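Fold and contact review
One-letter residues, chain by chain:
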Amino acid sequence: MGRNTFTPRCKNAKVYFRIFPTANMRWEHVKILEDMKTLYVRYLQDFGVGRGGCEPSYWKFETDGIFYNDTQEEIYNTTMAGVLEKVVEGCSAIILAFGQTGSGKSLTINGLQNSFRDRGIAPRVISDLFEKKASIKHLFKMGIEMSYIETHKMYVNDLLNPTGDKLDSQALKNVKVVKTKDEHSAMKTLFKAEGRREFSEDYTIKHAANGVLTLHVTLKPHNQTEPIKKVAKIHIVDLAGVDTFGNLTSIHKDVNQVGNANLARSQLEQFILILCENVPGHVLGKQRLNILIQYLGEALSAHSILRFIGHLRTNKENLLISLSMLRFGQIVRGMKPQKLQFDIKENKDLKQKKLEQELAEIKKMQDLSIMLSNGDLSTNINQERIKHMQHVAEEYLHNKTDEIVLLNVTDATTVLKVFKDLYNKLEAEKIECTRIAYEKAYEDALMCVKKVSSKADSVQSMKSSKKGSRKSIKSHEGSLDEKVIPKSVKKPPKGSLTRPISSSVDGQSSTKLKTHDKTVPVKPLKHSRTSSLNIMKKSSASRRKSNSSTATAGTGIDSIIEETALPDNIPIHNEAWNLFITDSAYNYKELINTVNKYEEAAKEVHRDYLLEVKNLQKLLEAVDIRKSEYQKAQMQRLLRKEIQDEDGNVIVSDLENVCLENLKIAHNELVKQQEKVLKIQTELRIALEACQNGKKTISDQYELFCQQKFQTSVPDLEAISLQAVEESLEISAVNAGEEEVEVCAAEKNHDIIRYENLKQIMKTQIQRKIYTREKAKKWVQSCKT
Ligand SMILES: Nc1ncnc2c1ncn2[C@@H]1O[C@H](COP(=O)(O)OP(=O)(O)OP(=O)(O)O)[C@@H](O)[C@H]1O
């Protein structure tokens, strides 16, 4: 199968333009025809000195649609018309926004900073995909996965794996793909990743790199007769804004950021020019020089759905850049109509399952046919033949013949039956013989004993006159015992089969597992500076080398890296940590093993605790039931008016007594259970404390290691910043507030509130990034001084 299902040729690449609205729109530079598809841009030469009185001339540009003051929804509906329908059939798509800095690309693509109404294409695609999934769920099992990356000049930054290293072109397959279980979780992932994007130094959200959100769609039919799966990707690309350095629009970007954005766009233009030429696939592969083009892979071809949305500014100063955008659009539109390619793969698992089922079916049929044919044979066979076979079998057993000729299964069954009957007969005879022999032996033994005892009696009568009878009988008994039990057979010493308990092992494990033992064994420090420092130096050197190479390649992010670059003798946290855990002098392995043991013990105690709490709950319920039973019994008495006897004593019914007794029992059990829970709670606290102490010892050892090796601490800034930001933004409160939001959702628009909450997630990520950046700067400064 593979990519070989075609539809008729159609125009796969469509190009739209969105015009940035301004208060004083200069329509004398740009004209749009009423069809909203044709655009005229004034000749730039007309603006030259001395050209004032000339008749204006225009360049004409055909497009697939021009948006001016259109809503986000209208733009989505127009650009994405029919795209998702093709995607669920297995055709990949690229939705790409390009244009000048600040011309509205991020608004079109994400719109995440804006209101729910103004959300962009990406969140709308996610919502519609999940809607589609629900609508075809009776036919297909649809899987939606996500990845979100940013491409810089030479490397990829995986936004769904923020702690991971930067990936170069060789490692693109390592980009993280996250499964999404529903629309909300997909949205959460999107907002979180968006908050992790790189932005310019002044913290205004000016994207300095190309963002690519990829939705991986897989469809497997429920119908098992069709062992196929359809696979497609939707890449939603927000290209970094192109510009001329020094322009007012690019004021927040440095020269490298502007240069890289321009380069990425022109490399894309080059590639699309090659695509227009219908170049064979293997040649195309070599042309994918830019990492963005490599990442988009086969989806960036004339056989996929391409929707490019250009962004224009129409004022005189930006007209030159807008013209270059329009020319790029013309190149994309120039791609020849091609057949769409649908990626329909064989579902190997399903195919295997199907074949296994068929095989099982065939085997069943085979067994059935054998059974039937045997049945036929045995019922139809001649009785003479059976007698003959019995005779042959007996002859064989009596060695009168050397072989038995079997013509069919029934012959074999007959022969086997003869053998079986004979065996059973012999077995019965054997048992009978054993029984007879046993009885005979028993009688003989009895006789023997009788003879011995009669002899003994006579000897006894002879001796009885000289010695006391009791003593002689005792000694006689002793000698008989010795005869019955041969000396060679010795009783095993008591307890010899029980496994010896090694006191050292047991003692060791008990001291280690004791949760209240707060001390963690720490061996004295040995200094193995040479080996670890060598590694550190090597890795630092390579890191700095790559830093400097990217710095000379020069992006804005590189300038941040440069600013936060550490002195030569200090590694980043990951490197320092790796050195620490491999340095045998610091016993990391032993320490972490101890912590793991503590954690295991704590988990066990926690499990017990949960169980006991559950039991406590049950007992509480039981007490409630008993209480209400007792109250009912009291009520019954009151209703019967049998309240007092003649002496004025309260008459208590038997039922009431029984209920009271039950209540007391239940109450006692409850008290016991409460004590049990309290006890186990204390154990749990001790176990958790032990875990914390263990972890603290590790971090102390790590600190000591850093101080000794690098004369400074090397903190994990990411972890610290997450904690700090969460505290400052009171994320827990926000998360807890989600339920409250659910409750009042009936009054307000549910989607709007949810969207606002999602924006909070993005804000957290941005705050975290800013915090980490600031912290890193300060720390590096302190290291340098
Ligand atoms: N069509 C529009 N109508 C109203 N405001 C807009 C429009 N397009 C963009 N804006 C506003 O202009 C600002 C810049 O837009 P946006 O961030 O989307 O630009 P961008 O092209 O993505 O910029 P960059 O390349 O720096 O990332 C935002 O505040 C956005 O809300």
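Residues numbered from 1 in each chain as written. Predicted model: local features only at pLDDT ≥ 70, side-chain atom pairs only at ≥ 80, totals over all residues. Heavy atoms only, no water.

With that settled, the discussion passes to the sheet that holds strand 5 (residues 58-62). The strand order 3-4-5 describes an open sheet built from three strands, whose pairing is antiparallel. Here the strands that pair on one side only, and so sit at the sheet edges, are strand 3 (30-32) and strand 5. Taking each pair of neighbouring strands and ignoring which way they run, the sheet shows an average axis angle of 20 degrees. As paired elements, strand 3 and strand 4 (residues 38-42) share three bridges and run antiparallel to each other. Within strand 4, the position partnered with Lys 31 by the bridge is Tyr 40. Seen against the sheet, helix 9 (residues 319-333) touches strand 3, strand 4 and strand 5 and runs at an angle of roughly 40 degrees to strand 5. (Pairing = 2+ DSSP bridges. Helix = DSSP H or I, 4+ residues; strand = E, 2+ residues; numbered from the N terminus. Axes fitted to C-alpha atoms, helices over the stretch in contact; angles between N-to-C directions. Contact = heavy atoms within 4.5 Å.)

Of all eight residues in strand 13 (residues 305-312), eight are buried; the element is thus mostly enclosed. Bridge analysis of strand 2 (residues 13-19) against strand 13 gives seven bridges, and the strand direction is parallel. Considered in strand 13, the bridge of Tyr 16 is made with Ile 309. Of the strand pairs in this sheet, strand 7 (residues 93-99) and strand 13 are connected by seven bridges, and their pairing is parallel. Looking across to strand 13, one finds that Leu 96 is bridged to Phe 308. (Buried < 20%, exposed > 50% of the residue type's maximum accessible area, 1.4 Å probe, protein only.)

This part is about the site of the ligand. Near the ligand, the surroundings consist of 16 residues, among which Gly 102, Gly 104, Lys 105, Ser 106 and Leu 107 are the closest. For the ligand, an oxygen atom lies 3.1 Å from a polar atom in the backbone of Gly 104. With respect to the ligand, the backbone of Leu 107 contributes an N or O atom lying 2.9 Å from an oxygen atom. Taking 630 Å² as the accessible area of the ligand by itself, protein coverage stands at 71%. In terms of residues, the shell around the ligand owes the most to one element, helix 3 (residues 105-109), which gives three residues. Here the shell around the ligand is built from residues that sort into three nonpolar, nine polar and four charged. (Near = heavy atom within 4 Å. Polar contact = N/O pair within 3.5 Å; in protein donor to acceptor, adjacent residues only side chain to side chain. Areas by Shrake-Rupley, 256 points an atom, 1.4 Å probe, with all protein chains shown as cover. Nonpolar A, V, L, I, M, F, W, Y, C, P; charged D, E, K, R; others polar.)

A few words now on the nonpolar core. When a protein is soluble and globular, its nonpolar side chains tend to lie buried together. In this structure, Val 125, Leu 129, Leu 190, Leu 215, Ile 234 and Ile 236 are the most contacted members of the largest nonpolar core, which totals 54 residues. In terms of residue count, helix 4 (residues 121-135) provides more of this core than any other element does, six residues in total. Counting residues domain by domain, this core receives three or more from each of domain 1 (2-346) and domain 4 (716-785). When neighbours within four sequence positions are excluded, Leu 190 is seen to be in contact with Leu 112, Ala 122, Pro 123, Ile 126, Met 146, Tyr 148 and Leu 213. Ranked by size, the runner-up nonpolar core spans 49 residues in total, among them Val 175, Phe 271, Leu 284 and Tyr 295. (Core = buried A, V, L, I, M, F, W, Y, C linked by side-chain atoms within 4.5 Å. Domains from an automatic or database assignment.)

Here we take up the packing of helix 4 against helix 5 (residues 183-195). Put simply, helix 4 and helix 5 touch, their axes get as near as 10 Å, and they point 160 degrees apart. Taken together, helix 4 and helix 5 sit at an angle that is classed as roughly antiparallel. Here helix 4 runs over helix 5; the crossing is right-handed. In this structure, helix 4 uses Ala 122, Pro 123, Ile 126, Ser 127 and Phe 130 to contact helix 5, whose residues at the interface are Glu 183, Ala 186, Met 187 and Leu 190. (Parallel < 35°, antiparallel > 145°, perpendicular 65-115°, else oblique. Left-handed = near helix turned anticlockwise from the far one by under 90°.)

Let's shift gears to the confidence of the model for the protein. With 74% of its residues at a pLDDT of at least 70, the protein reaches an overall mean of 77. Model confidence for the protein, summarised as mean pLDDT per element, is weakest for helix 14 (residues 503-513) at 36 and strongest for helix 1 (residues 72-79) at 96. Low pLDDT, under 50, characterises residues 465-556; the predicted model gives this stretch 85 contacts beyond four residues in sequence or across chains. Low pLDDT, under 50, characterises residues 730-743; the predicted model gives this stretch 12 contacts beyond four residues in sequence or across chains. (pLDDT = per-residue confidence, 0-100.)

Another point: helix 11 (residues 383-397). The end-to-end C-alpha distance of helix 11, which contains 15 residues, comes to 21 Å, matching closely the 21 Å that a straight helix rising 1.5 Å per residue would cover. Along helix 11, the positions that sit buried rather than exposed are Met 389, Val 392 and Ala 393. Projected down its long axis, helix 11 carries its buried residues within an arc of 100 degrees, all on one side. Those residues of helix 11 that are exposed and angled more than 90 degrees off the buried face are Gln 383, Glu 384 and Lys 387. Just beyond helix 11, the residue with positive phi is Asn 399, at close to 60 degrees. (Expected span 1.5 Å × (residues − 1). Arc of directions from axis to C-beta.)

Across the 11 residues of strand 12 (residues 228-238), eight count as buried, placing the element largely inside the fold. Bridge count for strand 7 against strand 12 is five bridges, and the pairing is parallel. Its bridge partner lying in strand 12, Ala 97 is registered against Asp 238. Here nine bridges tie strand 11 (residues 210-221) to strand 12, and the two strands are oriented antiparallel to one another. Bridge assignment links Thr 214 to a residue of strand 12, and that residue is His 235. Pairing between strand 12 and strand 14 (residues 341-346): three bridges, direction antiparallel. Bridging from a neighbouring strand, Ile 228 pairs with Glu 346 of strand 14.

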